[in-house]
Each structure stands twice: as structure tokens, then as C-alpha cells.
Amino acid sequence: MFGYCRRALLCPNLFPIISNRTTTLPIPTPSYLLLQFFSSSKEEHSFTFNYLVNNCGLSPETASKISKQVHLNNSDRPDSVLALFTSHGFSNAHLHGIIRTCPKLLSFDPNKTVLPKFNFFLSKGASSSDLVQIVTKNPFVLYQSLENTITPCYDFVKRFLLSDEFTLSSVRRYACLIYSKYVAHNIQLLLEIGVSESNVAYMLRNWPSPVTESPSLFKKVVEEVMELGFNPKSTLFIVAVRAKVMKVMWKRRINLYNKWGWSEEIAVSAFVKYPWCMLASRNKIEAVMEFWVNHMGWDSMVLAKYPILLMMSLEKRIIPRAFVLQFLQSRGLIKDVILLTPFRVTENEFLQKFVNRFEEEATQLLKLYTDAMQVAPLK
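The rules behind each value
- Residues numbered from 1 in each chain as written.
- Predicted model: local features only at pLDDT ≥ 70, side-chain atom pairs only at ≥ 80, totals over all residues.
- Heavy atoms only, no water.
- Helix = DSSP H or I, 4+ residues; strand = E, 2+ residues; numbered from the N terminus.
- Buried < 20%, exposed > 50% of the residue type's maximum accessible area, 1.4 Å probe, protein only.
- Contact = heavy atoms within 4.5 Å.
- Areas by Shrake-Rupley, 256 points an atom, 1.4 Å probe, with all protein chains shown as cover.
- Phe/Tyr/Trp six-rings, centres within 6.5 Å; stacked < 30°, edge-to-face > 60°.
- Core = buried A, V, L, I, M, F, W, Y, C linked by side-chain atoms within 4.5 Å.
- Axes fitted to C-alpha atoms, helices over the stretch in contact; angles between N-to-C directions.
- Parallel < 35°, antiparallel > 145°, perpendicular 65-115°, else oblique.
- Left-handed = near helix turned anticlockwise from the far one by under 90°.
- Nonpolar A, V, L, I, M, F, W, Y, C, P; charged D, E, K, R; others polar.
- Salt bridge = Lys/Arg side-chain N within 4 Å of Asp/Glu carboxyl O.
- Bend = angle between axes of the 7 residues up to and from the residue.
- Polar contact = N/O pair within 3.5 Å; in protein donor to acceptor, adjacent residues only side chain to side chain.

Peer 1: Requested: an account of the overall build of the protein chain, with residues and values cited.
Peer 2: Regarding its fold elements, the protein chain presents 22 helices and 0 strands. When burial is assessed residue by residue, the protein chain has 41% of its 379 residues classed as buried. Long-range pairs, those at least 24 residues apart, make up 71% of the contacts in the protein chain between residues at least 6 apart in sequence. For the protein chain, the computed accessible surface area is about 20,600 Å², with 53% contributed by carbon and sulfur atoms.

This is the structure:
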């Protein structure tokens, strides 16, 4: 066809031949219409860019990127969107983050898409600060259908948490809970293997994010936890799932324990005994290990044998009790004490067994113990 077109342009006498063909040639767009189109698009982009900078407080660099995602013809709709947010307690800083994450909100009809969702959360007992927290943490929730997604997901989660108060608390922590398409599927898997509804509620209250993972990943983690011997009827099963589902954090904890002499096998063994040890913060693990190994000169393998020690308060329990034990050992008053017992017993039991029992040293021991509780943790 293009060959005919070229010849037709070069040879006018070929026009009759072309006109007899069934193919219809495209009619060229007049140049002034193309110029008008590009001019209009350029003006629209320029307006959007300026609005993002001047009205939303975005940097020119950020506004340049975002202006490719949303197109504003005038300020009417975005002004009404910002006004709605402001009237519900959102600050300029909040709006800055929300628009940067979900710029298309500026093109929404706020009364049809945003306000009904605000009213939904408020009707469940959310305060203005709750609403701000939910939306600023995950503004994508405003992109979801209230009728088809948010409401049914909310009701499903509430079935386990039993009240709007607890449900909103979990939504504040992780708003994805009420629009993820995986939540119902993953919770059903937990129920099928014997996890109780109360333990499902425990997970939803404390760590909602795992049930929003893809079903394939979630199932794999659940199987791994079961292979390690965790009982699905136990709360520790939920703790173990939470630890294992965070693959990056898991690897970092393994590496951290490697630094203090644990092999991966030893770390996993400690995890099986007390899965919380994989949820302790890096700073907490480092602080306990530093004091235990470098200051006290004790073996880190004791912590692997009794990983519950890693979760005890360093300032209020481990340090003061360790100083008492060190004193008693230096005086030959105790010998090979099992290091779990002195830290696990109640304070009254500890004082009775390791302080008051030694009448001549009791005053000195009590002062050592109380003074140690006032000292800042060792660096």
C-alpha cells in the first residue's frame, strides 16, 4: 500500500488506480491540529508540575517524576481533595507523603472515593488520629473499593479479633490487612493444620503482615515450621512463622549469631527452643552478647542452650544478677552454678538464694545488686 501511495504522490495519473482499490488510505491530520494537541499536553503537564510544587510542597525533582503519573487540567478537583484531607486532621507533612506515594488521589472525586472510606473508619470508632495513621502509613488503602474489598476484608478480620477496637488496632499497624487478596486464603491454611482461632487472632493483633504474603510463600514457611517440630496448637508456632516469613531478617540474625560463635545449626536449635530469639533486635542481641562474652567472660554457647536469656532485660535482670554471681564465685561461695536458674527465678527468689543466704556478705551483695540496677547498660 505504501508503494502505491508513494507512486500516487509522484504520479497523479495513478490516482484512478488507487481509487478503485478497496483499501482506504488514512487521511493525514492537519499540522495545526497536531500542534494544538502537543501544546495542550504541554500546558497540562506544566500545570500539574506547578501544582505539585506550589500546592503540595514537592521538590521539583519529585514533581517532575510524579507529573507523569497524574494529569491535572485545573485546580478544582485537587483543591477539593486537599481540603478534605485537611478537614480531617492531615497536616501538610502528611499530605506531602500521601501525594508522593499516591498522586492519582488528586484526580479523584473526593466525595465519591475518599470521603466514604474516611466515614467507614470513623463509623468503626476510629479517631481522627487513627484515621491519619491508617492513611499515612498506607495511602494505597484509598485506591481500594469500599464495597468489594475494604468492607468484606474488615469483617473477615473482625471475625477473629471480635471487636472494632482490636480490628482497628491491627489495621493501624498494617492497613494492607483489609485489602490483601491473600489474607483469607492464608488464614484458612492455618485453621486447616490445627491453629486455633485464638492463635490466629494473636497473629492478627501482633504481626498482621505474614498473612498478606503470597500463598505459596506462606505455605512454604508453615511447612518449614512444622518440619522443625513446632506444634500448630501452640502460640510459639505463630511466633516461629513470624520469624521465618521474614527471610531477610532471618538471614541477618543468622549472620549476627555467627559473629558470636554460633553455627547456623546451633542458631536453628536455639530457635526451636525459643523462637523469640530470632525476633530480638540486633542491638539487643549485640548488647547481651557483648556483656555476657566480653565483660563476664562466659561462653556464648550458654545463651544458645538457654536462648530465653537473650530476651531478658539486660539492665534490670542480667547485669545486676551477673555481678552478684561474679562476686560469689570470686569469694568461692558458689561454684559451677547453672547459669539459667539465677536469671529465671523471681527477684524475691534470687535475693533469698543468692543474697540473703550469705549473712556476712548480704549487705555488700544487696548494695552491689541495687547499684548495678541503676547503672546504664554497658556499651
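Peer 1: Requested: an account of the packing of aromatic side chains, with residues and values cited.
Peer 2: In the structure shown here, the tally under the stated rule is 20 aromatic pairs. When the centroid spacing of 5.0 Å and the interplanar angle of 90° are considered together, the rings of F85 and F90 count as edge-to-face. Taking relative accessible area as the criterion, F85 reaches 0% and is therefore assigned buried. On the accessibility criterion, F90 (3% relative accessible area) is buried. Taking the centre distance of 6.3 Å and the plane angle of 75° together, the rings of W298 and F343 count as edge-to-face. With a gap of 45 residues between them, W298 in the loop between α17 (282-295) and α18 (300-305) and F343 in helix α20 (residues 341-344) connect regions that are remote in the sequence. Since its relative accessible area comes to 13%, W298 is described here as buried.

Peer 1: Outline the nonpolar core, listing residues and values.
Peer 2: If you look at the biggest cluster of nonpolar residues, it comprises 78 residues, and the most contacted ones within it are L204, F237, Y257, W262, M278 and F343. It is helix α19 (residues 314-330) that contributes the most residues to this core, 9 residues altogether. Setting aside anything within four residues of it in sequence, one finds L204 in contact with V157, F160, L161, S170, L177, I187 and V211. Grouped together as the second largest cluster of nonpolar side chains are 39 residues, I66, V70, V114 and I150 included.

Peer 1: So what about the packing of helix α7 (residues 110-123) against helix α8 (residues 128-137)? Which residues, and what values?
Peer 2: Packed helices, taken two at a time, are described by their axes: the angle between them and the distance between them. Between α7 and α8, the shortest axis-to-axis distance is 10 Å and the interhelical angle comes to 130°. The orientation of α7 with respect to α8, classified from their angle, is oblique. Viewed along their axes, α7 and α8 form a crossing whose handedness is right-handed. Here α7 contributes F118, F121 and L122 to the contact with α8, which in turn contributes L131, I134 and V135. The class makeup of the residues in the contact of α7 with α8 is 6 nonpolar, no polar and no charged.

Peer 1: Before we move on, could you go through the environment of V375 and cite the residues and values that matter?
Peer 2: Here V375 lies in the segment after α22 (362-374). Since its relative accessible area comes to 46%, V375 is described here as partly exposed. Distance in space between the C-alpha atoms of V375 and E315 is 7.6 Å, their sequence separation being 60 residues.

Peer 1: Could you give an account of the pattern of salt bridges, naming the residues involved and the relevant values?
Peer 2: Scanning the model with the defined rule gives 7 salt bridges in all. Across the salt bridge formed by K367 and D371, the nearest N and O atoms sit 2.7 Å from each other. Of this pair, K367 and D371 both sit in helix α22, separated by 4 residues, roughly a single helical turn. Assessed through its relative accessible area of 35%, D371 is described here as partly exposed. Through salt bridges with shared partners, one network takes in E224, K244 and K247.

Peer 1: Help me get a handle on α7, residues and values and all.
Peer 2: Along an α-helix, a turn takes 3.6 residues, which lines up residues three or four apart on a common side. The largest bend along α7 reaches roughly 25° and is located at P116. Taken together, the buried positions of α7 are occupied by P110, V114, K117, F118, F120 and F121. For α7, the elements touching its buried residues are α5 (76-87), α8, α9 (146-161) and α10 (164-173). A side-chain oxygen of the first residue of α7 lies 3.1 Å from the backbone nitrogen of N111; this N-cap is D109. Note on α7: the residue one or two positions beyond its end, G125, has a positive phi of about 105°.

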